[in-house]
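Notes for the structure review
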Amino acid sequence: MTSLPIRPGRAVCAALSLFFLAGTRQAIAAEPAVQIGTQLILASNRDSTIDPPELVSMRDQFSQKGFAFTSFRRLSGEKLTLHKGKPAEIALPNQRTASIRLNDVKHGTAHVEVILSQLPSKVVISSTVLTLGREGSLFQHVGDYDGGQLILVISPADTVKPRRAALPTSWRPEPPLPRGELSSCSEMTCCP
Amino acid sequence: MNRADCQSWTPLLSAFIDGELVSAQRLELERHLSTCAKCAARADDLRATSTLIRVGMEMRADEADFSDFADKVFARITPERLPWLERWKLSLSELLTYHRTAMVSSLVAAGIAVLIAVPLALRARQPAGYASPELAVQLVSTVPDAHLAPVVMKGDQGTIIWLVNHRHTLVMAPQAEPTTNGSQEADGGEAAGQNPSLKQQRPRGGEL
């Protein structure tokens, strides 16, 4: 029988080799990077606004824990891609900044650190190390603002709908504090 | 010449004209034709008819176009090129017939490769960094100068970390230690965050 120019066995082997080469190259080249969703929520007792309505569940959660906030307003929300060694900064309206850093990815689980700093000196106030998961969120209190309390919510990336235009129009950057000085009595001393 | 003689020679006339008779028969028939005018006339008619047919066939042959005759013949005798699917089937059947061991080992290797590659591909689809089922707080710390105590509370939807300022309560209540994730710490933090004044007002027993 005459031999034909194209051999299926060779073609299959070649395709598999290319597939594994590409996969290996991608695995080697890919640096750890994870996506998270962040929201900045202003909780207060000013009124009973829940904006957006999805924050009702957050209100209930806080209510169960003894926080009697009546108003929850999302000031901003965005998806962030964290790369190892490249922290993402979130500027907060209360002269603070939250730096979210991907420390490592071990066994598929991302270890993330949230560092809260006071501007302009960037004095570190607190640090929170967490491991990301498919469910659950971190509600990190980041200080008071505009008669309420600011809460930074960190969630899995697919749960956040970006919303950037919710900052109150009345908000203006406050004058910077003296270098190294922390604002006194900015945190709650008791339940709201 | 009698009638029976003519009837016996008549069927041989055509073969005689075509030169197909053996010499003995041909000599006898020629002798008969020389004596029988009727059979001789019949033989002449047959000869004329044969000539007419041959001339007519030659004329038809001259009219026919044989310029691409050879190409047509070669086109018929050359095997037709099969479509690619048929070629692959043929090649596969050839491989499975004559190279069975190599093909079976290749298929096994390909199967193993698929078994390895499919889970990897499915894993790649999962968002990176989310192998754990639930978000968990590992460590919370504050700087001493900030006079903040982190209170960790675990709820249904996640973990709340509340920063409690204890600058004015240092004298009245012990400083809250930085807590780690856990229900006990969460409960303690919540209590500290909600009602620090309860500790101050709690009656203390006197000396016995």
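What comes next concerns the included structure. If you're wondering where the values come from, they're calculated on a predicted model, not measured in any experiment.

The seven strands are arranged β2(A)-β3(A)-β1(A)-β9(A)-β8(A)-β3(B)-β2(B) in an open sheet whose pairing can be described as mixed. Of all strands in the sheet, those bounded by a partner on one side alone are β2 (50-51) of chain A together with β2 (148-154) of chain B. Across four bridges, the pairing between strand β8 (residues 137-145) of chain A and strand β3 (residues 158-165) of chain B is parallel. Looking across to β3(B), one finds that S137(A) is bridged to G158(B).

Residues and elements named next belong to chain A. Inspection of the secondary structure puts I50 in strand β2. Sequence separation between I50 and T70 is 20 residues, and the spatial gap between their C-alpha atoms is 8.0 Å. In contact with I50, not counting residues within four places along its chain, are L55, V56, R59, T70 and F72.

Residue and element names in this part refer to chain B. The interhelical angle for the contact between helix α3 (residues 23-35) and helix α4 (residues 37-63), taken along N-to-C directions, is 110°, at an axis separation of 5 Å. By the angle class used here, α3 and α4 are roughly perpendicular. Between α3 and α4 the crossing geometry is left-handed. Where α3 approaches α4, its residues H32, L33 and T35 are matched on the opposing element by A37, C39, A40 and A43. When grouped by side-chain class, the residues that make up the contact of α3 with α4 number five nonpolar, two polar and no charged.

Here the focus is the nonpolar core. Formed by 35 residues in total, the largest nonpolar core has its most connected members in I36(A), L82(A), I100(A), V112(A), L132(A) and L138(A). If we ignore the near neighbours within four places in the chain, the residues touching I36(A) are E78(A), K79(A), L80(A), L82(A), I100(A), L132(A), I154(A), S155(A), A157(A) and Y130(B). One finds A43(A), F62(A), W162(B) and V164(B) within the second-largest nonpolar core, a separate group that totals 17 residues.

What counts and how
- Note that residues are indexed from 1 along each chain, following the sequence as it is written.
- Note on labels: chains are lettered from A, ligands numbered from 1, in written order.
- Reporting of local features is limited, given that this is a predicted model, to residues whose pLDDT is at least 70; pairs of side-chain atoms are given and counted only at 80 or more, and all residues count toward the totals for whole chains, interfaces and linings.
- Side-chain measures here rest on the full set of heavy atoms in the structure, leaving out hydrogens and waters.
- We treat two strands as partners when DSSP finds at least two bridges between them.
- Counting from the N terminus, the helices are the DSSP runs of H or I reaching at least four residues and the strands are the DSSP runs of E reaching at least two.
- The contact criterion used throughout is that any non-hydrogen atoms of two residues lie within 4.5 Å.
- For every element, the axis is a line fit to its C-alpha atoms; helices are fit only across the contacting stretch, and the angle between N-to-C directions ranges from 0 to 180 degrees.
- In these notes the angle categories are as follows: under 35 degrees is roughly parallel, over 145 is roughly antiparallel, 65 to 115 is roughly perpendicular, and the rest is oblique.
- Note on convention: the crossing is left-handed when the near helix lies turned anticlockwise from the far helix by less than a right angle, right-handed when the turn is clockwise.
- Basically, the charged four are Asp, Glu, Lys and Arg, the nonpolar ten are Ala, Val, Leu, Ile, Met, Phe, Trp, Tyr, Cys and Pro, and anything else, Gly included, counts as polar.
- By nonpolar core we mean a set of buried residues, namely Ala, Val, Leu, Ile, Met, Phe, Trp, Tyr and Cys, connected to one another through side-chain atoms within 4.5 Å.
- Burial classes follow relative accessibility: with a 1.4 Å probe on protein chains only, a residue under 20% of its type's maximum area counts as buried, one over 50% as exposed, and anything between as partly exposed.

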